[in-house]
Amino acid sequence: MLKAFLLIVVGLAGDPEHGKTFHKWGTTLAEASERLGVPKERMAYLVDQPADDDARATGGATRDEIGKAIDGFAKQAGPEDVVFIMLIGHGSFDGRESKFNLPGPDMAAADFNLILKRLPTKQIVLVNASSASGPFIEGLSAPGRTIVTATRSGAEHFTTLFGGFFIDALTSEAADADKNKRVSVLEAFNFAKTEVARAYEREGLLATEHALLDDDGDKEGSATPTNTGSDPKNKDGKVAAILSFGVAGDDGLPSDPKLRALHVERRDLERRVESLRLLKESMDPAKYSSELEKLVTAIAMKTREIRAVEGK
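Keep in mind it's a predicted model, so treat the numbers as computed, not measured. (Residues numbered from 1 in each chain as written. Predicted model: local features only at pLDDT ≥ 70, side-chain atom pairs only at ≥ 80, totals over all residues. Heavy atoms only, no water.)

Draft legend 1. View of the overall build of the protein chain. Summing up its helical and strand segments, the protein chain has eight helices and twelve strands in all. Compactness check: the protein chain gives a C-alpha radius of gyration of 19 Å against a globular reference of 20 Å for 312 residues, within 12% of the reference. Each principal axis of the C-alpha atoms in the protein chain carries an extent, and together these give about 55 × 45 × 45 Å. Here the protein chain holds 312 residues, and the buried ones make up 50% of them. Pairs at least 24 apart in sequence give 67% of the contacts found in the protein chain among residues at least 6 apart. (Helix = DSSP H or I, 4+ residues; strand = E, 2+ residues; numbered from the N terminus. Rg over C-alpha atoms; globule rule 2.2 N^0.38 Å. Buried < 20%, exposed > 50% of the residue type's maximum accessible area, 1.4 Å probe, protein only. Contact = heavy atoms within 4.5 Å.)

What follows is the structure, encoded as structure tokens:
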């Protein structure tokens, strides 16, 4: 039976507020891992520094710990199994090389490439949701690898929203386009890309991140992969369309339709606050403060509605 392995790495954030959001994303995925078919013995969750809500963390986000986690997977995995790697945090680009920022030595694509070669699995999925992540496609692309980056180049160096929406896709039914109760990597990519665009449009900002996916080993990512991969100019997406975790759904929301709808609305508002905070550096300070105040007020009012319904 095919087994899935999951490595989640929350690296440096560059800003405490962003760090809190990145930890939330990582913890959300870690907590959903068993439902997604990855038991705790096949999951590693590494963080830059422990936070109060990181009970699922298994170690520090360092180059050595990442290597140890991959070595642990290599001992358990077989050729037909799949290893998923999710990188969350801040990335940097010096004009030549893109790196994922960690406590201690940062890691470039070449560093990850050496580690990934230790795995016996035929399929590896690596999602680099950090800023300046685009060059990781050229550096890691190979047969049997699906590489997703939040940006299309190293020059896109602002904090990215992509990781949060990608994790939203994996942990809910919202991205399950074909309604087969599983969210494929392609479905998660398309969902996250769409939500990122909406977030920037909502704030009237020019997008500073453009996600790419490569799964055919040609070292060129696509912004519009398809499940057929039949277009000569766009061959990506065919593998990503069949790679998925376990069953989507069971999002922990109430079963009562009215109460569930209110919880969904509040969750959406909370997600907008996260996005707004990550976009802060690109926004006019006055507009940022105004929008944040509106959203926080709306969340408070929605919480009041929820309590009223629960009280009945």
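Draft legend 2. Highlighting the nonpolar core. Counting residues in each nonpolar core, the largest one holds 57 residues, and the members touching the most others are F162, F166 and V185. The leading source of residues in this core is helix α6 (residues 185–202), at nine residues. Excluding residues within four positions of it along the chain, F166 makes contact with M86, V127, V185, A188, F189 and A192. By size, the runner-up hydrophobic cluster in this structure holds 29 residues, among which are F5, I66, M107 and L140. (Core = buried A, V, L, I, M, F, W, Y, C linked by side-chain atoms within 4.5 Å.)

Draft legend 3. Layout of helix α2 (residues 63–76). With 14 residues, α2 should reach 20 Å at 1.5 Å per residue; the first-to-last C-alpha distance of 21 Å fits that figure. Those residues of α2 lying buried are I66, G67, A69, I70 and F73. For α2, the angular spread of buried residues about the axis comes to 160 degrees, placing them on one side. Exposed side of α2, more than 90 degrees from the buried face: D64, K68 and K75 are the residues found there. (Expected span 1.5 Å × (residues − 1). Arc of directions from axis to C-beta.)

Draft legend 4. Highlighting the sheet that holds strand β5 (residues 91–93). Judged by pairing direction, the sheet is antiparallel, and its three strands sit side by side in the order β5-β6-β7 without closing on themselves. This sheet does not close on itself; its edge strands, each paired only once, are β5 and β7 (107–108). Taken together, the three bridges between β5 and strand β6 (residues 98–100) define a ladder with antiparallel strand orientation. The partner of F93 across the bridge, within β6, is S98. (Pairing = 2+ DSSP bridges.)

Draft legend 5. Quick look at the packing of aromatic side chains. Applying the stated criterion to the full structure yields five aromatic pairs. Measuring from ring centre to ring centre gives 5.3 Å for F22 and W25, while their planes differ by 55 degrees; the resulting arrangement is tilted. Of this pair, F22 and W25 both sit in helix α1 (residues 16–32), separated by three residues, roughly a single helical turn. For the pair formed by F22 and W25, the shared burial category is buried. Three or more aromatic residues link up through ring pairs in this structure, and these residues are F162, F166 and F189. A cation over an aromatic ring shows up here: R42 above the ring of F5, its NZ or CZ 5.6 Å from the ring centre. The ring of F165 is capped by R271, whose NZ or CZ atom sits 4.1 Å from the centre of that ring. (Phe/Tyr/Trp six-rings, centres within 6.5 Å; stacked < 30°, edge-to-face > 60°. Lys NZ or Arg CZ within 6 Å of the ring centre and 35° of its normal.)

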